Amino acid sequence: MNNKLYGKLIFELSHEGSKAYSLPKNMYGDYELPKAMRREADAELPECDELTVVRHYTNMSGNNFGVDNGFYPLGSCTMKYNPYINEELAARKEFTAIHPAQPVDTCQGALAVYYNLQRALSEITGLGEFTLNPFAGAHGELTGLMVIRAYHESRGDTKRVKVIVPDSAHGTNPASAAVCGLEVVEVKSTADGTIDIEHLRGLLDDTVAAIMMTNPNTLGLFEPGIPEIAELVHGCGALLYYDGANLNPMLGASRPGDMGFDVMHINLHKTFSTPHGGGGPGSGPVGVRKGLEQFLPKPKVVKNGDKYAIETGGEGDIHVGAFLGNFDVDVKAYAYILTLGRENIMKVGPLATLNANYIKESLKDVYELPIKGLCKHEFVFDGLKDKSTGVTTMDVAKRLLDYGFHAPTIYFPLLFHEAMMIEPTESEGKETIDGFIAVMREIAREAKEEPETVKSAPHNAPIGRVDDVLAAKHPVLKFE
């Protein structure tokens, strides 16, 4: 940061006696904390005047990169533009000044949002019913697997303890299955990046509870074998689970329910436009086909005539959260769906697919493309085509920061040593994408002609190259 004063930590700007606040007179009386709850010594907090604090945090905020700053092609995360009208609607006092425990007659509007969003998601995915209770994508995965387990147990089919997961899956898939107490079995991919159906065939028996599939998969490829996979899996008595992390390119193209999937989760904070990152906020609604509705967690919003109510569950029902999920995210998602409408939501998938294929075809002469052919919303390069100077995918990612672009996902999926996963989403226009392509080509040139420039990047970021291993093993979490 050029301004040395505001490149400092807030503790370094502290001056004894400075204050940045004034508390209003207490209108509500005094309450003395019990002695056991009091600090023995004052907290060591910085003392700064208000203007110093404002300037410090304003300057610090400029160190962050987000979709409002520039192109954010983070593969498998769908970092799309989030219209501010969604934020404004979610911030209305009618939504923020309510309490989960207040009488349902006094919050009919909020319950209508819940109910209508459930119905919209059912229509979009082709599934019978949804719960909005899970707070994140991985939480949704766990909830979906709990639904699957409850289904099998209700039929006395207790030996079904295995979940089949593709080798290209998101890491949360096996993690969620393990947390649910299920055994993870890996199914391999073929050379073209899709599920090896012959290998799958040999894994299916009466101990399998489900297969978890991401579609398009993490290579950005649509799984053409879904009808055959559905027939095989259902034939052995198991269920199909759809990891909806990559649902974005399917909008307007196809619906998981129509493909034969029984259970799925959706990342509202990806596909339906809510800013996310750094652990939240998120929402991972879970949908099921008709016949599985009774296994969804409670509580749940239902409609009786022209009134909305909250249906609570019994002792044997699944409970996955304190209440009805992350309402703030639900409002934003519902606003996004209503803003686009049926006609324009149909354009999301095709435009995301167009943008991804345009970038792929424009760069495949200088970046290694391990899997040829049409991709969907994202694709994977295996580093530079010319690796003679030793420039790695990490180096390319760091150099992108110097040009004002966020790096794509790197070193995932694990199928390729120098993986670089790029997802432009439908939000970006041709001018931005052409600029990104030009920079990627320039970095490829630099890697060949002046490799040290790339290997030592970034040069223009607030901090330089970080030792990731050291930072992970010995993080500095406080000011000293």
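Let us look at the structure shown here. (Residues numbered from 1 in each chain as written. Predicted model: local features only at pLDDT ≥ 70, side-chain atom pairs only at ≥ 80, totals over all residues. Heavy atoms only, no water.)

Considerations on the packing of aromatic side chains
Applying the stated rule across the entire model yields twelve aromatic pairs. Between the aromatic rings of Tyr-151 and Phe-295, the centroid separation amounts to 6.1 Å while the plane-to-plane angle is 85 degrees, which identifies the pairing as edge-to-face. One end of the pair, Tyr-151, is in helix α5 (residues 137-154); the other, Phe-295, is in the loop between β7 (286-288) and β8 (300-304), and 144 residues separate them in sequence. The exposure class of Tyr-151 is buried, given its relative accessible area of 16%. Through a chain of ring-to-ring contacts, the aromatic side chains of Phe-71, Phe-405 and Phe-436 assemble into a single cluster. Over the ring of Tyr-115 we find Arg-119, and its NZ or CZ is 5.9 Å from the ring centre. (Phe/Tyr/Trp six-rings, centres within 6.5 Å; stacked < 30°, edge-to-face > 60°. Helix = DSSP H or I, 4+ residues; strand = E, 2+ residues; numbered from the N terminus. Buried < 20%, exposed > 50% of the residue type's maximum accessible area, 1.4 Å probe, protein only. Lys NZ or Arg CZ within 6 Å of the ring centre and 35° of its normal.)

Brief notes about a nonpolar patch on the surface
On the surface, a nonpolar cluster with roughly 260 Å² of combined accessible area is contributed by Leu-9, Phe-11 and Phe-479. Structurally, Phe-11 is set in the segment before α1 (50-61). (Patch = residues over 30% accessible without salt bridge, like charges linked within 9 Å, V, L, I, M, F, W, Y side chains within 5 Å. Areas by Shrake-Rupley, 256 points an atom, 1.4 Å probe, with all protein chains shown as cover. Salt bridge = Lys/Arg side-chain N within 4 Å of Asp/Glu carboxyl O.)

A closer look at the sheet that holds β7
The sheet built from seven strands is open, its strands ordered β1-β7-β6-β5-β4-β2-β3 with mixed pairing. Strands at the two margins of the open sheet, each flanked by one partner only, are β1 (129-131) and β3 (183-187). Direction aside, the axes of adjacent strands within the sheet are offset by 25 degrees on average. In this fold helix α4 (residues 108-125) packs onto β1 and β6 (263-266), with an angle of close to 125 degrees to the strand it touches most, β1. (Pairing = 2+ DSSP bridges. Axes fitted to C-alpha atoms, helices over the stretch in contact; angles between N-to-C directions. Contact = heavy atoms within 4.5 Å.)

Concerning the nonpolar core
Soluble globular proteins: nonpolar side chains tend toward being buried together. In this structure, Leu-121, Ile-211 and Phe-272 are the most contacted members of the largest nonpolar core, which totals 54 residues. Elements with a contribution of two residues or more to this core: α4, β3, α7 (197-203), β4 (208-214), α8 (226-235), β5 (239-244), β6 and α11 (327-363). Ranked by the residues each element gives to this core, the list is headed by α4, at ten residues. Setting aside its immediate chain neighbours within four residues, Leu-121 contacts Phe-130, Leu-132, Ile-266, Leu-268, Phe-272, Pro-285 and Ile-337. Ranked by size, the runner-up nonpolar core spans 25 residues in total, among them Val-396, Leu-400, Ile-422 and Ala-444. (Core = buried A, V, L, I, M, F, W, Y, C linked by side-chain atoms within 4.5 Å.)

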